[in-house]
Amino acid sequence: MSASTSSPLSAHVGKHPGEPHVMDPALISDPFGGYGALREQGPVVRGRFFDDSPLWLVTRFEEVRQVLRDQRFVNNPADPALGVAPEDSPQLRALAMLGIPEHLHGYLLNSILNYDAPDHTRLRRLVSRAFTARKITDLRPRVAQITAELLDRLPEHAEDGVVDLIEHFAYPLPITVICELVGIAAEDRPQWRSWGADLVSVDPDRLGRTFPAMIDHIHALIGQRRAALTDDLLSELIRTHDDDGSRLSDVEMVTLVLTLVLAGHETTAHLIGNGTAALLTHPDQLRLLKDDPALLPRAVHELMRWCGPVHVTQLRYAAEDVDLAGTRIRRGDAVQAVLVSANHDPRHYTNPERLDLTRQPAGRAENHVGFGHGAHYCLGASLARQEGEVALGALFDRYPDLALAVAPEELERTPVPGTWRLTSLPVRLG
């Protein structure tokens, strides 16, 4: 697969020979091979972050799970236990490099993703009431309807018989579902689709315009819902309170919606895109799925393992000295769990490079770390899985002769470090 590897953030690559850099073009264009080689080098490898600061890359399945469930590794870079000034955090420097205005940093750094217990526990308990299994199940018919409408319109977007599934299916589906979930009016949804594209662009100019506009819009929506509650996510968050009477603040609600758009839109879109490309290039597995649609839930898990869109976690920090797989990690050191190498670890999987929709979980309901693990396991995982099942099932049912319009090696990927995402997915509907 081809991918351009130029990036405004790659200037530091090569300053520390022998230490892998997350901006190394080789790791971005071939994360499976690159991080796989690091995994075989060792379970914990010294590397460099975006801004050239040092970090530890954790590469193997069991060690990744250990880091993600070990409370000695914290998410909050401003945690006093780290002994590091908040302004020295690599995450803060990365935001500055991306051009995010300083007054908006709090909306990204103070999210549920960056909180640790007890704040994370409180927020997750409050927010999870809006993501119950029943609510996700109740949303499925609407997901199916949105999917069907998008599939109906695909022929309208064809040029010389070719349609880009990323632009016209994989991207609009999750952002429309998120709009439905949050309670965005139909007339505002084109704007949200545009914002969603801006947020994942890694373009400082677009990010600088979009974040203020989106934050203002969500604050305005919260004000509207306080005046007239409905049955959408924002109304549910306003209603929700803990046993002690604590509620989410407006800033916390805005941050949650931003997190939902950033995490839920992008990752689900590329789960669908990557999964479709994988099935089209593995006709034996696609035939299994067509012959037995009941395989869909297991298939989505296997696709998350084999070609998931997120390859690394956000940084975690050692709140005290920790010995991990024979490596001493000092208090304040940054650690990053590498999901892509863990999900292809031959110590855990038989034939990990083989896509196998019938793969049986090894003693676990979920035999991968594509959605994370531990206290910070992806809050929207059940919704993402549901969207993946509905999208892939309906796509191949509607267009059973779907085929790539280019050779597999000609598929282009957007070179964003730590992710695996197609720039486009040209197909012929058949």
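So, a few notes on the structure that sits alongside this text. (Residues numbered from 1 in each chain as written. Predicted model: local features only at pLDDT ≥ 70, side-chain atom pairs only at ≥ 80, totals over all residues. Heavy atoms only, no water.)

1. Considering the nonpolar core
In this structure, Phe-169, Trp-192, Leu-402 and Leu-425 are the most contacted members of the largest nonpolar core, which totals 84 residues. The element that contributes the greatest number of residues to this core is helix H13 (residues 250–280), accounting for 12 residues. Apart from residues no more than four positions distant in its own chain, Trp-192 is found in contact with Ile-175, Cys-179, Ile-184, Met-214, His-217, Ile-218, Leu-221, Val-257 and Val-261. Formed by 21 residues, the second largest nonpolar core is a distinct cluster that contains Leu-57, Leu-82, Ala-319 and Val-338. (Core = buried A, V, L, I, M, F, W, Y, C linked by side-chain atoms within 4.5 Å. Buried < 20%, exposed > 50% of the residue type's maximum accessible area, 1.4 Å probe, protein only. Helix = DSSP H or I, 4+ residues; strand = E, 2+ residues; numbered from the N terminus. Contact = heavy atoms within 4.5 Å.)

2. Here we look at the environment of Leu-68
The topology assignment puts Leu-68 in helix H3 (residues 61–69). By relative accessible area, which is 5% here, Leu-68 ends up buried. Taking the C-alpha atoms as reference, Leu-68 lies 21 Å from Leu-260; in sequence the two are 192 residues apart. Not counting chain neighbours up to four residues away, the residues in contact with Leu-68 comprise Thr-313, Arg-316, Ala-337, Leu-339, Gly-372, His-373, Gly-374 and Ala-375.

3. Here's the deal with the sheet that holds strand E3 (residues 73–74)
Pairing between the strands of a sheet is mediated by backbone hydrogen bonds and can be parallel or antiparallel. As summarised here, the arrangement of the five strands in space is E1-E2-E8-E5-E3, forming an open sheet in which the pairing is mixed. Looking at strand neighbours, the two that pair on one side only are strand E1 (44–48) and E3, the edges of this open sheet. The sheet contact formed by strand E2 (residues 54–58) and strand E8 (residues 334–337) spans three bridges and is parallel. The residue bridging Val-58 from the neighbouring strand is Ala-337, located in E8. (Pairing = 2+ DSSP bridges.)

4. Description of the side chain of Thr-210
The residue Thr-210 is located in helix H11 (residues 204–227) in this model. Take Thr-210: its relative accessible area is 2%, and that puts it in the buried class. There is a polar contact of 2.6 Å between the side chain of Thr-210 and the side chain of Asp-198. (Polar contact = N/O pair within 3.5 Å; in protein donor to acceptor, adjacent residues only side chain to side chain.)

5. Examining the environment of Gly-326
Tracing the chain through its elements places Gly-326 in the loop between strand E6 (322–324) and strand E7 (327–329). A relative accessible area of 80% means that Gly-326 is categorised as exposed. The spacing of Gly-326 and Val-162 is 164 residues in sequence and 53 Å in space, taken between C-alpha atoms.

6. What about the pattern of salt bridges?
Per the counting criterion, the structure on display carries 24 salt bridges. We note a salt bridge from Asp-138 to Arg-134, for which the minimum N-O separation is 3.0 Å. Within this pair, Asp-138 and its partner Arg-134 are both found in helix H7 (residues 133–153), separated by four residues, close to a single helical turn. We note a salt bridge from Lys-135 to Glu-236, for which the minimum N-O separation is 3.9 Å. You can see Lys-135 sitting in helix H7 and its partner Glu-236 sitting in helix H12 (residues 233–239), a full 101 residues away along the chain. (Salt bridge = Lys/Arg side-chain N within 4 Å of Asp/Glu carboxyl O.)

7. What to know about H7
Along its 21 residues, H7 runs 30 Å from first to last C-alpha, staying within 8% of the 30 Å computed at 1.5 Å per residue. In the structure, H7 departs most strongly from a straight axis at Arg-140, where the bend amounts to approximately 35 degrees and where the proline Pro-141 lies between one and four residues downstream. For H7, every residue scored as buried is listed here: Ile-136, Leu-139, Val-143, Ile-146, Thr-147, Leu-150 and Leu-151. At its buried positions, H7 is contacted by helix H8 (165–170), helix H9 (172–182) and helix H17 (381–398). (Expected span 1.5 Å × (residues − 1). Bend = angle between axes of the 7 residues up to and from the residue.)

8. What about the packing of aromatic side chains?
The tally for this structure, following the rule as stated, stands at five aromatic pairs. Measuring from centroid to centroid gives 5.1 Å for Phe-32 and Trp-420, while their planes differ by 85 degrees, and the two rings are edge-to-face. Of the two residues, Phe-32 is situated in helix H2 (residues 31–41) and Trp-420 in the loop between strand E9 (403–404) and strand E10 (426–428); the sequence distance between them amounts to 388 residues. Between Arg-46 and the ring centre of Trp-56, over which it is positioned, the NZ or CZ distance is 4.4 Å. Across the ring face of Tyr-349, the terminal group of Arg-305 is positioned such that the distance to the ring centre comes to 4.9 Å. (Phe/Tyr/Trp six-rings, centres within 6.5 Å; stacked < 30°, edge-to-face > 60°. Lys NZ or Arg CZ within 6 Å of the ring centre and 35° of its normal.)

9. A closer look at the packing of H13 against H17
Where H13 contacts H17, the axes come no closer than 10 Å and their chain directions differ by 40 degrees. Taken together, the axes of H13 and H17 are oblique relative to one another. Crossing of H13 over H17 shows right-handed handedness. The segment H13 lies against H17, with Thr-268, Leu-271, Ile-272, Gly-275, Thr-276, Leu-279 and Leu-280 engaging Ala-384, Glu-387, Gly-388, Ala-391, Leu-392, Leu-395 and Phe-396. When its residues are assigned to classes, the contact of H13 with H17 shows nine nonpolar, four polar and one charged. (Axes fitted to C-alpha atoms, helices over the stretch in contact; angles between N-to-C directions. Parallel < 35°, antiparallel > 145°, perpendicular 65-115°, else oblique. Left-handed = near helix turned anticlockwise from the far one by under 90°. Nonpolar A, V, L, I, M, F, W, Y, C, P; charged D, E, K, R; others polar.)

10. Considering the side chain of His-311
With respect to the secondary-structure elements, His-311 resides in the loop between helix H15 (296–307) and strand E5 (316–318). Setting aside residues up to four positions removed in sequence, His-311 forms contacts with Pro-31, Phe-32, Ala-337, Val-338, Leu-339, Val-340, Gly-418, Thr-419 and Trp-420.

11. A closer look at H13
A rise of 1.5 Å per residue sets the reference length of H13, with its 31 residues, at 45 Å; its end C-alpha atoms lie 44 Å apart and thus fit the reference within 8%. Of all the 31 residues making up H13, 26 are buried; the element is thus mostly covered by neighbouring parts of the structure.

12. So, the pairing of E8
Both faces of E8 are covered, namely the face carrying Ala-334 and Gln-336 and the face carrying Val-335 and Ala-337. With two bridges connecting them, E5 and E8 associate as antiparallel partners. Residue Tyr-317 lies in a different strand from E8, and its bridge partner there is Ala-334.

13. Looking at the pairing of E2
Taken across its five residues, E2 has four buried, putting it largely inside the fold. Bridge count between E1 and E2: five bridges; the pairing is antiparallel. Looking at E2, one finds that Arg-46 is bridged to Trp-56.

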